[in-house]
Amino acid sequence: MSRSFLELAHAVAPLLGLTVLCLVHAAFCRWRRSSEGLNGLVWAGWAGALALAAWEFFLWTRWATLPGIVASALLVDVPVYALLAYGYANFFNLGESSVRVRIYRELVQAGERGLDRLDLLGRYDEEAMFRARLVRLVAAGDLQETDGRYRLGQMRLFWIARMIFGLQRIVLGRPQ
Amino acid sequence: MAAGFVAHWFWWRWRRPKRARAVLLVLFPLGALCLAPAIPPWLAALGLAPLGWAGWLNVALAVLAFTLAYVVTYSALEADSPTLGLIRHLAKHGPAGLAEDALRGFFREKSHVSLRLAALAEEEMIVEKEGSIFLAPHPYRLFRAVLFYRSRILRIGEDGG
């Protein structure tokens, strides 16, 4: 294999990880016939990371030195893969729980007639929205329910919430 | 990246652009492009080898990954996420947690749909005429991509909302 090919293979290593992530996630969703919230994404994220590690190992056996490959993996490939995976997770989640995407879909279906504001608001039963979130969060392990009380389960969404609300304060100057 | 973020911070504090996501998609790569000429002398000063074409490809990929990750994060940043709001509210109550009614009460303090409609109108993505709501002329690339990916690639139902 030529040096140029190996250099290219190294440069696009995070894209390989992202491709594996997308394929595993699509297979998971098609197999389970639902997204099952974050769980499918977490498995797919690990599969992509594993593919990235295997690719780095392959490159090390063919071309790179061990310190070189470890440094580039830690400084570039892993952070870039993490960013791509994070972007993918957010992109997927827009379709999963975004009210704005659903409003868009409703308006596309309504076509040129548009939708009566009250009719649109009526389609969104806030109780149904609340229940849908509760069911989704409990199923994914993000909330735990015991004796009718809800507590945080896995902390992953808590950290995402902290980051999002922190950025809101910094970028938009929105009070907490 | 940092330069792009600082420019973004000042710009947004001064006046938030209407097509914020489109502006961000241009702002970060443009910031990186402006500062790219500083990389070779900086590497030389550190005694490191200059970047080859593969190295520059790596840099471009890193900029692209950061930009895309930030733009999708920004969507969540702009609109208060009901899900993340619930999580944060529950976290404030610690291990004691909250009863379902209390959680419901918190969730229903805001009309999430009205807030989203107001945000879409502000971004000029929808127009309201005589009590009816219509889609405004807008490419809607992100929304279309999300729905296409869900239905054609993942083949999952129309959850959302």
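The coordinates are above.
Figured I'd write up the structure that's included with this text.

Focus: the overall build of chain B
Regarding its fold elements, chain B presents 8 helices and 3 strands. The linear arrangement of helices and strands in chain B, starting from the amino end, is α-α-α-α-α-β-α-α-β-β-α. Relative to the compact-globule value of 15 Å for 161 residues, chain B shows a C-alpha radius of gyration of 21 Å, a clear excess of over 25%. Of all 161 residues assigned to chain B, the portion counted as buried reaches 40%. In the structure as shown, chain B presents an accessible area of about 8,800 Å², 66% of it carried by carbon and sulfur atoms. One finds the centroid of the 18 positive side-chain charges in chain B at a distance of 7 Å from the centroid of its 12 negative side-chain charges.

Here's the deal with the interface of chain A and chain B
The interface of chain A with chain B comprises 81 residues on the first partner and 80 residues on the second. Roughly 7,400 Å² is buried in total at the junction of chain A and chain B, and carbon and sulfur atoms are behind 67% of that figure. A per-residue breakdown of the area chain A buries against chain B is headed by R100, Y104 and F130 of chain A, which together make up 12% of the total. The tally of links from chain A across to chain B stands at 5 salt bridges. Put simply, E127 of chain A and R104 of chain B hold a salt bridge, and the shortest N to O gap is 2.7 Å. For the side of chain A that touches chain B, the per-class residue count stands at 45 nonpolar, 16 polar and 20 charged. As defined by bridge partners, strand 1 (residues 115-116) of chain A adjoins strand 3 (residues 132-135) of chain B across 2 bridges and the pair is classed as antiparallel. Paired with D116 of chain A across the strands is S132 of chain B, a residue of strand 3 of chain B.

Some details on a nonpolar patch on the surface
Residues and elements named next belong to chain A. A grouping of F57, W60, L66, V70, L74 and L75 is seen on the molecular surface, where their side chains present a nonpolar patch of about 640 Å² in accessible area. Secondary structure elements with two or more residues in the nonpolar patch: helix 3 (38-62) and helix 4 (66-97). The leading source of residues in the nonpolar patch is helix 4, at 4 residues. Mapping V70 onto the fold places it in helix 4.

Re the packing of aromatic side chains
Applying the stated rule across the entire model yields 17 aromatic pairs over all chains. Ring geometry for F91 of chain A versus Y149 of chain B: centroids 5.7 Å apart, planes at 65°, classification edge-to-face. Remark: Y149 of chain B occurs in helix 8 (residues 141-154) and F91 of chain A occurs in helix 4; the pair is interchain, linking two chains. Here Y149 of chain B falls in the buried class, since its relative accessible area comes to 14%. When the ring of F5 of chain B is compared with that of Y70 of chain B, the centres are 5.7 Å apart and the planes differ by 80°; the resulting orientation is edge-to-face.

Observations concerning the environment of F5 of chain B
Along the chain, the position of F5 of chain B falls in helix 1 (residues 2-14). Among the residues examined, F5 of chain B registers a relative accessible area of 22% and is labelled partly exposed. Put simply, F5 of chain B and K92 of chain B are 87 residues apart on the chain and 30 Å apart in space, counted from C-alpha to C-alpha. Leave out the neighbours within four places in its chain, and F5 of chain B touches L167 and V171 of chain A together with F28 and Y70 of chain B.

What to know about the packing of helix 8 (residues 156-172) of chain A against helix 4 (residues 53-78) of chain B
Between helix 8 of chain A and helix 4 of chain B, the shortest axis-to-axis distance is 9 Å and the interhelical angle comes to 85°. In terms of axis orientation, helix 8 of chain A runs roughly perpendicular to helix 4 of chain B. Listed contacts from helix 4 of chain B to M163, I164, L167, Q168, V171 and L172 of chain A of helix 8 of chain A are Y70, T73, Y74, A76, L77 and E78 of chain B. Tallied by class, the residues present in the contact of helix 8 of chain A with helix 4 of chain B amount to 9 nonpolar, 2 polar and 1 charged.

Conventions adopted
Residues take numbers from 1 onward in each chain, read along the sequence in its written order. Labels are handed out in written order, letters beginning with A for the chains and numbers beginning with 1 for the ligands. Local features are withheld for residues below a pLDDT of 70 in this predicted model, meaning they are given only at 70 or higher, and side-chain atom pairs are given and counted only at 80 or more; totals for whole chains, interfaces and linings count all residues. With hydrogens and water set aside, each side-chain value is computed from the structure's full complement of heavy atoms. Secondary structure elements are taken from DSSP: a helix is a run of H or I of four residues or more, a strand is a run of E of two residues or more, and numbering for both begins at the N terminus. The globule rule used for comparison is 2.2 Å times the number of residues to the exponent 0.38, while the radius of gyration itself is calculated over C-alpha atoms. Residue exposure (1.4 Å probe, protein chains only): buried if accessible area is under 20% of the type maximum, exposed if over 50%, otherwise partly exposed. Values of accessible area rely on a 1.4 Å probe in the Shrake-Rupley scheme; residue burial ignores everything except the protein chains shown. Working convention for charge: Lys and Arg count positive, Asp and Glu count negative, and His plus the chain ends are omitted. In this description, the location of a charge corresponds to atom NZ of lysine, CZ of arginine, CG of aspartate or CD of glutamate. By the convention used here, residues are in contact when the closest approach between their heavy atoms is within 4.5 Å. When two components associate, each loses some accessible surface as probed by a 1.4 Å sphere; the sum of these losses over both components is called the buried area. What makes a salt bridge here is a side-chain nitrogen of Lys or Arg within 4 Å of a carboxyl oxygen of Asp or Glu, nothing more. The classification used treats Ala, Val, Leu, Ile, Met, Phe, Trp, Tyr, Cys and Pro as nonpolar, Asp, Glu, Lys and Arg as charged, and all other residues, Gly among them, as polar. Strands are labelled as partners when DSSP assigns at least two bridges between them. Without a salt bridge and with relative accessible area above 30%, a residue can belong to a patch; like charges are then joined within 9 Å and nonpolar side chains (Val, Leu, Ile, Met, Phe, Trp, Tyr) within 5 Å. When the centres of two rings from Phe, Tyr and Trp lie within 6.5 Å, Trp using its six-membered ring, the rings pair. Their planes under 30 degrees apart give stacked, over 60 give edge-to-face, and anything left gives tilted. All axes here are fitted lines through C-alpha atoms, helices being fitted over the stretch that makes contact, and every angle between N-to-C directions spans 0 to 180 degrees. Here is the rule for angles: anything less than 35 degrees is roughly parallel, anything more than 145 is roughly antiparallel, 65 through 115 is roughly perpendicular, and the remaining ranges are oblique.

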